[in-house]
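Structural features, examined
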Amino acid sequence: MTASVDVKASPDRLYGRHRGHPLRARQQRLVDQTLPRLRFAESAIADPATGFGRGPEQIWLEVGFGGGEHSLAQHAANPDVGYIACEVFENGLCSLLSRVVPEGGEETAPVPDTLRIWDEDARILLQRLPDASIDRMFLMFPDPWPKSRHAKRRFIHPETVKMAARILRPGAVWRVASDDPTYQAWVEEVMGAQDLFETAPPVKQRPEGWPPTRYEAKALQAGRQPFYWTFVRR
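Residues numbered from 1 in each chain as written. Predicted model: local features only at pLDDT ≥ 70, side-chain atom pairs only at ≥ 80, totals over all residues. Heavy atoms only, no water.

**A word on the overall build of the protein**
Helix and strand counts for the protein come out as seven helices and seven strands. Its helices and strands taken in sequence order, the protein reads α-β-α-β-α-β-α-β-α-β-α-β-α-β from the N to the C terminus. Taking the principal axes of its C-alpha atoms as reference, the protein extends roughly 55 × 40 × 35 Å. Counting all 234 residues of the protein, 51% fall into the buried class. (Helix = DSSP H or I, 4+ residues; strand = E, 2+ residues; numbered from the N terminus. Buried < 20%, exposed > 50% of the residue type's maximum accessible area, 1.4 Å probe, protein only.)

**What to know about the sheet that holds strand β1 (residues 58–63)**
Pairing in this open sheet of seven strands is mixed, and the strands run β3-β2-β1-β4-β5-β7-β6 from one edge to the other. Each having just a single partner strand, β3 (115–118) and β6 (197–198) make up the two edges of the open sheet. Bridging between strand β4 (residues 134–140) and strand β5 (residues 168–178) involves six bridges; their strand directions are parallel. Note that in β5 the partner of M137 across the bridge is W174. (Pairing = 2+ DSSP bridges.)

**Remarks on the packing of aromatic side chains**
The tally for this structure, following the rule as stated, stands at eight aromatic pairs. In this structure an aromatic cluster arises from ring pairing among W60, Y83 and F138. Taking NZ or CZ as reference, R136 lies 4.7 Å from the ring centre of W60, over its face. It is R154 that lies over the ring of W186; its NZ or CZ is 4.8 Å from the centre. (Phe/Tyr/Trp six-rings, centres within 6.5 Å; stacked < 30°, edge-to-face > 60°. Lys NZ or Arg CZ within 6 Å of the ring centre and 35° of its normal.)

**Examining the environment of L72**
By secondary structure assignment, the location of L72 is in helix α2 (residues 69–77). When the C-alpha positions of L72 and G53 are compared, they lie 17 Å apart, and in sequence the two are 19 residues distant. Once residues lying within four places of it in the same chain are set aside, the contact partners of L72 are L96, R99, V100 and L115. (Contact = heavy atoms within 4.5 Å.)

**Considering the pattern of salt bridges**
Under the counting rule described, the total for this entry stands at 14 salt bridges. The shortest N-O distance in the salt bridge between E103 and R29 comes to 3.7 Å. With a gap of 74 residues between them, E103 in the loop between α3 (90–97) and β3 and R29 in helix α1 (residues 25–38) connect regions that are remote in the sequence. A salt bridge links D135 to R169; its shortest N-O distance comes to 2.8 Å. Of this pair, D135 sits in strand β4 while R169 sits in strand β5; the two residues are 34 residues apart in sequence, bridging distant segments of the chain. By sharing partners, the salt bridges in this structure join R26, R29, E103 and E106 into a single network. (Salt bridge = Lys/Arg side-chain N within 4 Å of Asp/Glu carboxyl O.)

Next up, the structure:
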């Protein structure tokens, strides 16, 4: 018997692409020319292995890759894994893309076979991917939405946890990291009230095999303590 979390339903409206500062010329070329060549096609959602340049051994999903450091490090360390990196923020997309192709090669430089980008809300994928189709999932330093009235927008949400459990195969690992005390308490509350994942207390030192991110570095510099969780699909 699991407890319940008193929270409003996750919003039906899925958030589209966001832009920060106006894009520079190089960034605009990356969005216009490189992103379409790396975009995970909607037509591949029903059979995600078909969305890559070659058949992957496993498929991993990262929700909100920020500057892309973690996604690129995981892709480099696991070249036979089909990696779907999700991000809606254009400046974050450009940060990753700028390290995939050299300047001047936005339209023609080769792109990785096993790295794909989903530039819409990740929950669309969670809603539409087949059951047990993902082997590992990552949520690294998500937007904390610190106000209680915004709790429904947090990715860690009772409804989203159910969607994540559906697409993750039994035994699959879901890694979560946060440096925000409100979000840390929220993760403990939500994950403590469900029975779809095996849980364990977070650790406070980044475990081996977890590439660093700029958000982690900023947190440590500001004196905030990141928590690192590993949840396992039952």
